[in-house]
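What follows is the residue order along each chain.
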Amino acid sequence: MVNTKVNLSGITIDNPIIPASGTFGFGYEFAELYDINCLGTFSFKGTTKDPRFGNPTPRIAECPMGMINSVGLQNPGVEAVKNIELPKLREVFNKPVMANVSGFSIDEYTYTCEALDSEPQIGWFEVNVSCPNVHGGGMSFGTSPESAAEVTKAVKKVTTKPVFIKLSPNVTDIVSIAKACEDAGADGISLINTLLGMRIDLKTKKCVIANKMGGFSGPAIFPVAVRMVYQVYEAVKIPIIGMGGVSSAEDVIEMMLAGATAVEIGAANLVDPFASRDIVNNLPAVMQKYGIKDLNDIIGGAH
Amino acid sequence: MKQELFTITKNEKIARDIYLMVLSGDTSDIVHPGQFVNIKLEDQYLRRPISICDYDDKTLTLIYKVVGVGTEKMSSYKPGKVLDILIALGNGFDTEKSGFSPLLIGGGVGVPPMYNLCKKLISESKQPTVILGFNSREDVFFEEEFKKLGANVLVTTADGSYGIRGFVTDAMKDINYDYFFTCGPEPMFKAIEKVAKTSGQYSFEERMGCGFGACMGCSCKTKYGNKRICKDGPVLLREEIIW
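Rules used in this analysis
Residues numbered from 1 in each chain as written. Chains lettered and ligands numbered in written order. Predicted model: local features only at pLDDT ≥ 70, side-chain atom pairs only at ≥ 80, totals over all residues. Heavy atoms only, no water. Axes fitted to C-alpha atoms, helices over the stretch in contact; angles between N-to-C directions. Helix = DSSP H or I, 4+ residues; strand = E, 2+ residues; numbered from the N terminus. Parallel < 35°, antiparallel > 145°, perpendicular 65-115°, else oblique. Left-handed = near helix turned anticlockwise from the far one by under 90°. Contact = heavy atoms within 4.5 Å. Pairing = 2+ DSSP bridges. Buried area = accessible area lost by both parts, 1.4 Å probe. Salt bridge = Lys/Arg side-chain N within 4 Å of Asp/Glu carboxyl O. Polar contact = N/O pair within 3.5 Å; in protein donor to acceptor, adjacent residues only side chain to side chain. Nonpolar A, V, L, I, M, F, W, Y, C, P; charged D, E, K, R; others polar. Buried < 20%, exposed > 50% of the residue type's maximum accessible area, 1.4 Å probe, protein only. Right-handed = clockwise from strand over helix to strand, strands pointing away. Core = buried A, V, L, I, M, F, W, Y, C linked by side-chain atoms within 4.5 Å. Domains from an automatic or database assignment.

Chemist: Quick question: what am I supposed to make of the packing of helix α5 (residues 174-183) of chain A against helix α6 (residues 222-235) of chain A here?
Modeler: Relative orientation and spacing of two packed helices are given, respectively, by the angle between their axes and the distance between those axes. Residues and elements named next belong to chain A. For the pair α5 and α6, the least separation of the axes is 9 Å and the interaxial angle reads 45°. Taken together, α5 and α6 sit at an angle that is classed as oblique. Both α5 and α6 take part in a crossing whose hand is right-handed. Between α5, through I174, V175, A178, K179 and E182, and α6, the contact on the second element is made entirely by M228, Q231, V232 and A235.

Written out as structure tokens, the structure is:
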């Protein structure tokens, strides 16, 4: 027998497998396919203060070993999440869920987090700081240590649950940003969000994505993600959720060796709807193959 | 939706850039004509969504157009090859809304889903008229197959090299129908929208991430809120579409 349980900021989860925000909706598309209670938890669709349609289509482009998406945070808004999505989720999922929150100003982040904090099923917040700051010239909150820290402080003030800050890899020094979030009171760091990418269609000679640029994800970015998790682990003491191209139980172990306490599965869910379940099922055998009795023994093991 | 393995039994060219693929496997999840499958291809990350042309208990017929590297690869597959397929996706056409004389309009690679729909309507004792629109003579396919089902079939070509010269809307003028179903390119939809005299259903195409409603990659706005082409569509009612 092996131990796959890990402790994520005071909550023990059965395994470290967490479908990533934006690839798992509010859970019920997948609950039709398998019992999603086999997962450690999942991070629900990025939620904002107001409902958002998102970006024009096409929003999706094929890439070698990956994909670009430019969905643009389509979501029904925090009120509908509280009143419609979470009651529906309770019927199919009986574990704490991770609330992924986005905003375009500090006020929007705090409004949404405060509105969700009282929801009993929410175990953690995952705050996406990759959105542009509309009051700050459009630069993303996650691109400077100061603005990332500002979001962290503001959200921490209005919440009682552990707050993970989800960082963008599209920065010159992710370590200083992670450190600034830790100093500002973050309970953990999630990384990495998607890498900015673009595809151009040779027939039309135009960008494939309507919004021109989008977020590149999939196995192609896995080595970048492992490297950044490794670097951030050296600099912070708070737990890390590692993500970026994870597609197998082997990838989960590699991410944990780099320093992750838990691991999110993103694009893999879209290509294979059973990917997260299969990774959960395969994990014990892969642990045994590599002589791992307890996942807690390998967190940061490569350092 | 199910994830199933299908074995190719036939994969052949039937018109310019158009291929017909027959596969054997479990089709029991299909409930409506106009649903689609999402196929995993080697060396491609995302699956490729292809509409279902026809099926019986153990066989699935797909007709697809080579438009890029994914479908190019598909066209090279030989019988015996096994494919990982998500089946059956999307809502499909609702034939209960149709009257006795439905009109089916397929444009180019929008023709295939009309075939099983036509079969279903005939099995419901309706008398469909089918308009198949193509650019040119070498693009034409499935005219005889529709005739064999017992439908009244009209073919149009934009350059006049076969059938009626012009667009599907030119053929629509003299037909009496009490409902319509269509699949094809959006410019064709917009032309139909201008001349159609009855209610109807449009089957849309969009670039998809997952194909089963998880990623929000193929969303569109409708009069009744946001819909996902892959899960809430691909078929939308005329009354709900915002053009």
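From this point on, the discussion continues.
Chemist: What should I look at first to understand the sheet that holds strand β3 (residues 36-39) of chain B in this one?
Modeler: Hydrogen bonds between backbone atoms are what pair the strands of a sheet, whose relative direction is either parallel or antiparallel. Residue and element names in this part refer to chain B. Around the barrel, 6 strands lie side by side as β1-β2-β5-β4-β3-β6; this closed barrel has antiparallel pairing. Between one strand axis and the next, the sheet turns by 45° as a mean value, whatever way the strands run. Of the pairings in the sheet, the one linking strand β4 (residues 48-55) to strand β5 (residues 59-65) comprises 3 bridges and is antiparallel in character. Residue pairing for β5: I52 is matched across the bridge by L62.

Chemist: Whenever I open this one, the interface of chain A and chain B confuses me. Can you help?
Modeler: Buried accessible area, meaning the area lost when the parts come together, often serves as the stated size of an interface. In this complex, chain A contributes 35 residues to the contact, which on the side of chain B involves 29 residues. Of the roughly 2500 Å² buried between chain A and chain B, counting both surfaces, carbon and sulfur atoms make up 60%. Its largest share of buried area at the contact with chain B, chain A owes to F53, E62 and V271 of chain A, together 26% of the area lost on that side. Across the chain A-chain B interface, the total number found is 3 salt bridges. Here E32 of chain A ties to K231 of chain B by a salt bridge, and the two come within 3.3 Å at their closest N and O atoms. For the interface between chain A and chain B, the tally reads 11 residue pairs in polar contact (both at pLDDT 80 or more). Going through the elements one at a time, α1 (28-31), β4 (60-63), β5 (66-69) and α8 (268-271) of chain A are the ones with two or more residues in the side of chain A that touches chain B. Of the residues in the side of chain A that touches chain B, the class split is 19 nonpolar, 8 polar and 8 charged.

Chemist: Looking at this structure, I do not really get helix α7 (residues 249-258) of chain A. What am I missing?
Modeler: Each full turn of the α-helix corresponds to 3.6 residues, which orients residues three or four apart in the same direction. Residues and elements named next belong to chain A. In terms of burial, α7 is largely enclosed, as 7 of its 10 residues are buried. Those residues of α7 that sit buried are A249, D251, V252, I253, M255, M256 and A258. Each element contacted by the buried residues of α7 is listed here: β1 (6-8), β3 (17-19), α6, β14 (240-242), β15 (262-265) and α9 (275-289). Looking one or two residues beyond α7, the residue adopting positive phi is G259, at roughly 140°.

Chemist: Before we go on, may I ask you to explain the pairing of strand β9 (residues 188-191) of chain A in this structure?
Modeler: It is a general feature of regular strands that their side chains alternate between the two faces of the sheet. All names here are of chain A. The alternating pattern of β9 places G188 and S190 and I189 and L191 on opposite faces, both of which are buried. Note that strand β8 (residues 163-166) and β9 share 3 bridges and pair parallel. Along β9, the bridge assignment pairs K166 with S190. As a crossover connection, the stretch from β8 through α5 into β9 is right-handed. Relative to β14, β9 runs parallel, the two sharing 3 bridges. Within the sheet, the bridge partner assigned to S190 lies in β14 and is I241.

Chemist: Could you clarify how one ought to interpret the packing of helix α4 (residues 145-158) of chain A against α5 of chain A in this entry?
Modeler: Residue and element names in this part refer to chain A. Following both chains from N to C, one finds α4 and α5 inclined at 30°, their axes separated by 8 Å at the closest point. The angle between α4 and α5 places the two elements in the roughly parallel class. Remark: the crossing between α4 and α5 carries right-handed chirality. On α5, the residues touching P145, A148, A149 and T152 of α4 are S176, I177, A180 and C181. By residue class, the composition of the contact of α4 with α5 is 6 nonpolar, 2 polar and no charged.

Chemist: Is there a simple way to explain the side chain of T48 of chain A in this structure?
Modeler: Residues and elements named next belong to chain A. Looking at the secondary structure, you find T48 in the loop between α1 and β4. One polar contact links the side chain of T48 to the main-chain carbonyl oxygen of D50, over a distance of 2.7 Å. Among the polar contacts made by the side chain of T48, one reaches the side chain of N75 at a distance of 2.8 Å. With near-sequence residues (within four places) excluded, T48 lies in contact with N75, G77, V78, S102, F104 and T112.

Chemist: Any chance you could explain the pattern of salt bridges here in plain terms?
Modeler: Note that side chains of opposite charge can pair when their charged atoms are close. Applying the stated criterion across every chain yields a total of 25 salt bridges over all chains. Note that E193 of chain B is salt-bridged to R238 of chain B, the shortest N-O span being 3.1 Å. With E193 of chain B in helix α5 (residues 186-195) and R238 of chain B in the segment after β15 (235-237), this pair connects stretches of sequence that are 45 residues apart. Given the relative accessible area of 22%, E193 of chain B is considered partly exposed. The partner of E240 of chain B in a salt bridge is K227 of chain B, and the shortest N-O contact between them spans 2.7 Å. Here the residue E240 of chain B occupies a position in the segment after β15, and K227 of chain B occupies one in strand β14 (residues 225-228), the gap between them amounting to 13 residues. K227 of chain B gets classed as partly exposed once you look at its relative accessible area, which sits at 22%. Among the charged side chains, a salt-bridge network with shared partners connects E29 of chain A together with R228 and D232 of chain B.

Chemist: I keep staring at the nonpolar core and nothing clicks. Help me out?
Modeler: Soluble globular proteins tend to pack their nonpolar side chains together in the buried interior. Counting 134 residues, the largest nonpolar core has F44, L116, V127, L167 and L191 of chain A as its most contacted members. Residue contributions to this core reach at least three from each of two domains, namely domain 1 (2-89) and domain 2 (95-240) of chain B. Dropping the residues within four chain positions of it, V127 of chain A is found in contact with V101, Y109, C113, V151, V155, V163, F164, I165 and K166 of chain A. Within the second largest apolar cluster, 29 residues are counted, among which are L20, V22, M114 and F141 of chain B.

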